[in-house]
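What follows is the residue order along each chain.
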Amino acid sequence: MRIVVAGFAALVLLTGCIGSAQKPLERLPDLDQALPGAISIETRKERRVLVFASAVDNVGAGALVIAGSRGSQAVRTMRIRQLITRADGSTAAHSLPGRLRYVHSETHSHWHLLGFERYALRRASDGRLMEPDRKTGFCLGDRYRIASPPAAAPPKAVWVRECGRGRTRLLRLLQGISPGYGDDYVPALEGQLVDLTGVPAGRYLLVHRVNADRSIRESSYANNAASVLLELRGRTVRILARCPDSPACG
């Protein structure tokens, strides 16, 4: 009887090892939302707007790779999948609910990943949404190398293409952010603003959040939001507090 039990235990252990071999470790990205920066108030097209810079770092062990595709040029958007590299070198594909869409803007025109990062102005007292962002999407890329890159970071930027700039007829497209690199957007670019028209003076939270619906697979979601506590008075803005890794500053 003891022999049977021992044999059964060995079989279970062996089966578990085989199962583990069939599912090698996935090298997932870890998207770290940077604090909103370069915050100021400007007048654009006769409207008072809050402008800012945004950035997202990949501090994970794997690249964020987004693959878009469509069946024909008659379809305006591309379906997307996240391509995940495994430890054995193989690749897994994870379908995402988002889309890629070709966007024409004043500063740039290329394929945008919709909904990757969100901006919001919320009332500090109760968190009420005052104004959402006006961003149409993002072209992912290795724009800079982060200060303390993980061991998996490649020595040079990999994602340097401009997301199919000028190529409206594409049927397939890849874009991404390598581990150890980040993607940033300056205030001058399209959509980097919140309309303050009708927003009264007071204290507000400017919240930046990446992968808000957690559809993109990551090794951690704890660092997907960052916020600043602001005081708005007419044409002036004062920073009261900065809160990395939190959507509820102050």
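See the structure printed just above.
The model shown is predicted, which means the values in this text are computed figures rather than measured ones.

Thoughts on the overall build of the chain
Right, so step 1: Of the regular secondary structure elements, the chain holds one helix and 17 strands.
Right, so step 2: The C-alpha extent of the chain, read off along each of the three principal axes, is 85 × 45 × 35 Å.
Right, so step 3: Looking at the chain as a whole, 44% of its 250 residues qualify as buried.
Right, so step 4: Expressed as a percentage of contacts within the chain between residues at least 6 apart in sequence, the contacts between residues at least 24 apart total 68%.
Right, so step 5: Looking at the chain as shown, the accessible area adds up to about 13200 Å², and 54% of this sits on carbon and sulfur atoms.
Right, so step 6: Charge-centre separation for the chain: the mean point of 36 positive side chains lies 5 Å from the mean point of 22 negative side chains.

Structural notes on the sheet that holds strand β9 (residues 117–123)
Right, so step 1: Ordered in space as β10-β9-β15-β16-β17, the five strands form an open sheet in which the pairing is antiparallel. Bordering the open sheet on either side are β10 (129–132) and β17 (236–243), each of which pairs with just one other strand. Recorded for the sheet is a direction-independent mean angle of 25 degrees between the axes of neighbouring strands.
Right, so step 2: Sheet topology places β9 next to strand β15 (residues 202–210); seven bridges connect them, and they run antiparallel. Counted as the bridge partner of leucine 121 is leucine 206 from β15.

A short note on the side chain of aspartate 142
Right, so step 1: Tracing the sequence through the fold places aspartate 142 in the loop between β10 and β11 (144–145).
Right, so step 2: Salt bridges are absent for the buried aspartate 142, whose nearest opposite-charge side chain, arginine 143, sits at 7.7 Å.
Right, so step 3: Aside from chain neighbours lying at most four places away, what touches aspartate 142 is Ala157, Val158, Trp159, Gly176, Ile177, Ser178, Tyr181 and Gly182.

Things to note about the pattern of salt bridges
Right, so step 1: Per the counting criterion, the structure on display carries eleven salt bridges.
Right, so step 2: Taking the shortest distance from any N to any O, the salt bridge between glutamate 231 and arginine 233 comes out at 3.6 Å.
Right, so step 3: Take arginine 233: its relative accessible area is 45%, and that puts it in the partly exposed class.
Right, so step 4: Among the charged side chains, a salt-bridge network with shared partners connects Arg47, Glu131, Arg134 and Asp195.

Topic: the state of the cysteines
Right, so step 1: Under the criterion given, the structure shown has two disulfides.
Right, so step 2: Covalent S-S linkage joins cysteine 139 and cysteine 163, the inter-sulfur distance amounting to 2.0 Å. What sets the handedness of the cysteine 139 and cysteine 163 disulfide is the S-S torsion sign, and at about 85 degrees it is right-handed. On the criterion of sequence distance, the pair formed by cysteine 139 in the loop between β10 and β11 and cysteine 163 in the loop between β11 and β12 (172–177) is long-range, its members being 24 residues apart.
Right, so step 3: Residue class for cysteine 139 comes out buried when judged on its relative accessible area of 1%.
Right, so step 4: Exposure remark for cysteine 163: the relative accessible area of 1% places this residue in the buried category.

Concerning the packing of aromatic side chains
Right, so step 1: What the rule picks out here adds up to five aromatic pairs.
Right, so step 2: Considering the side-chain rings of phenylalanine 52 and tyrosine 119, the 4.9 Å spacing of their centres and the 80 degrees angle between planes classify their relative orientation as edge-to-face. Residue phenylalanine 52 is located in strand β4 (residues 47–58), and its partner tyrosine 119 is located in strand β9; the two are separated by 67 residues in the primary sequence. The same class applies to phenylalanine 52 and to tyrosine 119, which are both buried.
Right, so step 3: Put simply, the rings of Phe52, Phe116, Tyr119, Phe138 and Tyr185 touch in pairs and so form one group of aromatic residues.

Focus on the environment of valine 237
Right, so step 1: Here valine 237 shows up in strand β17.
Right, so step 2: Residues in contact with valine 237, not counting those within four places in the same chain, are Ile39, Ser40, Ile41, Leu50, Leu230, Glu231 and Leu232.

Thoughts on the side chain of histidine 112
Right, so step 1: Examined against the element boundaries, histidine 112 turns out to sit in strand β8 (residues 109–113).
Right, so step 2: Residue histidine 112 is classed as buried on the basis of its relative accessible area, which comes to 1%.
Right, so step 3: In terms of polar contacts, histidine 112 uses its side chain to reach the side chain of histidine 108, at 3.5 Å.
Right, so step 4: Excluding residues within four positions of it along the chain, histidine 112 makes contact with Arg99, Leu100, Arg101, Val103, Thr136, Gly137, Phe138, Cys139 and Glu190.

Cut-off values and rules
For every chain, the first residue of the written sequence is number 1, and numbering continues from 1 along that sequence. At least 70 in pLDDT is required for a residue's local features to be given in this predicted model, at least 80 for side-chain atom pairs to be given and counted, and no such filter applies to totals for whole chains, interfaces and linings, which use all residues. Hydrogens and water molecules were not included; the side-chain quantities draw on all heavy atoms of the structure. Secondary structure elements follow DSSP: runs of H or I of four or more residues count as helices, runs of E of two or more count as strands, with numbering from the N terminus. Exposure is judged per residue with a 1.4 Å probe applied to protein chains only, and the accessible area is read against the type maximum: over 50% gives exposed, under 20% gives buried, and values in between give partly exposed. The contact rule is simple, with two residues in contact once any of their heavy atoms fall within 4.5 Å. In these tables, accessible area is a Shrake-Rupley quantity obtained with a 1.4 Å probe, and a residue counts as shielded only by the protein chains included in the view. Positive charge is attributed to Lys and Arg, negative charge to Asp and Glu, and no charge count is given to His or to the chain ends. Here the site of a charge means atom NZ of a Lys, CZ of an Arg, CG of an Asp or CD of a Glu. Between any two strands, pairing holds if DSSP finds at least two bridges. Axis geometry follows a simple rule: fit a line to the C-alpha atoms, using only the stretch in contact for helices, then measure angles between N-to-C directions, giving values from 0 to 180 degrees. The salt bridge definition used is simple: a Lys or Arg side-chain nitrogen within 4 Å of an Asp or Glu carboxyl oxygen. By definition, disulfides here are pairs of cysteine sulfur atoms that lie within 2.5 Å. Any two rings among Phe, Tyr and Trp, with Trp reduced to its six-membered ring, count as a pair given centres within 6.5 Å; such a pair is stacked if its planes are under 30 degrees apart, edge-to-face if over 60, and tilted if neither. Pairing of N or O atoms within 3.5 Å defines a polar contact, subject to two protein rules: one partner must be a possible hydrogen donor and the other a possible acceptor, and residues neighboring in sequence count only if both atoms are side-chain atoms.

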